[in-house]
Amino acid sequence: MSGKRVTVPEILAAKGHRKLAVMTAYDYASARIADEAGMDVLLVGDSLAMVVLGHDDTLSVTMDEMLHHTKAVARGTNHALVVGDMPFLSYQVSVSEAVRNAGRFLKEGRAQAVKIEGGRETAPQIRAMVDAGIPVMGHVGLRPQQVARLGGFKVQSKTAAEAAHLLEDARIVAEAGCFAVVLEAIPARVAQVVTRELPVPTIGIGAGRDCDGQVLVYHDVLGLFDRFTPRFVKNFAQLGTASREALARYAAEVREGRFPGPEHEFSIDDEEFKRFIG
């Protein structure tokens, strides 16, 4: 993969011309792998709260934790656009705090953009961030940070009124300056309309094939997270099973004295060893 970095204008220009491949990444190793695989965008998602830190939802992850992981992803990325996911309460309290925290993702985390959840209520924050020179990716539909209000991870916009409200939210965040909008867990036909109506790319996750791009969680794609599997996830590998089998073989060889073998050991000159034990 070329070392040329994907830019926000290139993401915007992809609308109607090519599909965008987006993947989450949470550390240097996953970023290297995903970047070399050719991803257009790497999202340091607040989903790390669940798949990396073991929380039950995304609400517990902090700004400091998000920045820590974003820095690691940035160090492992040469090509993809790195987007930092703003965690719960990092942008909702005030516009000035939202801009300050978003700026930290670029200044400290070395991301090239941020993502925030929300519709019309986040428009003031989006405008202020964009005015400050911070590219913003929007996120409507199912909002994991709103799981307490929603009563769980449920499909959104299943009625005509809800779909119309979502479409208007998507329009508002795009008009506020978002360069792309994530559509999560909504009916495919609703996503098709939203995608057609928006001037910026839509990135689907559980929103059907007609979005301008798709995003999935790294651990879901590779079969590394098995607490639950959403309907929209496709496992492209079962590395969790392969990893457990490999680690079990390692443990068995250690206990049986078969690892390490002679080929894994370092030697010392015989005369030097005699002096050592003498």
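Above this note sits the structure.
Topic: the pattern of salt bridges
Following the criterion strictly, the structure yields 17 salt bridges and no others. Salt-bridge contacts for Lys115 lead to Asp85; the nearest nitrogen and oxygen are separated by 3.1 Å. Residue Lys115 is located in strand E4 (residues 113-115), and its partner Asp85 is located in strand E3 (residues 81-85); the two are separated by 30 residues in the primary sequence. When its relative accessible area of 2% is taken as the criterion, Lys115 is described as buried. Notably, a salt bridge pairs Arg258 with Glu253, separated by 3.8 Å at the nearest N-O pair. Overlapping salt bridges, with partners in common, bring together Arg120, Glu121, Arg143 and Asp169 in one network.

Description of the packing of helix H5 (residues 95-107) against helix H6 (residues 123-131)
To characterise two packed helices, one gives the angle between the axes of the helices and the distance between these axes. Packing of H5 against H6 brings their axes to within 9 Å, and their N-to-C directions diverge by 45°. The pairing of H5 with H6 is recorded here as oblique in orientation. When you trace H5 past H6, the crossing you get is right-handed. The residues of H6 that touch H5, namely those facing Val95, Ala98, Val99 and Ala102, are Pro124, Gln125, Ala128 and Met129. In the contact of H5 with H6, the residues fall into seven nonpolar, one polar and no charged.

Rules used throughout
Residues numbered from 1 in each chain as written. Predicted model: local features only at pLDDT ≥ 70, side-chain atom pairs only at ≥ 80, totals over all residues. Heavy atoms only, no water. Salt bridge = Lys/Arg side-chain N within 4 Å of Asp/Glu carboxyl O. Helix = DSSP H or I, 4+ residues; strand = E, 2+ residues; numbered from the N terminus. Buried < 20%, exposed > 50% of the residue type's maximum accessible area, 1.4 Å probe, protein only. Axes fitted to C-alpha atoms, helices over the stretch in contact; angles between N-to-C directions. Parallel < 35°, antiparallel > 145°, perpendicular 65-115°, else oblique. Left-handed = near helix turned anticlockwise from the far one by under 90°. Contact = heavy atoms within 4.5 Å. Nonpolar A, V, L, I, M, F, W, Y, C, P; charged D, E, K, R; others polar.

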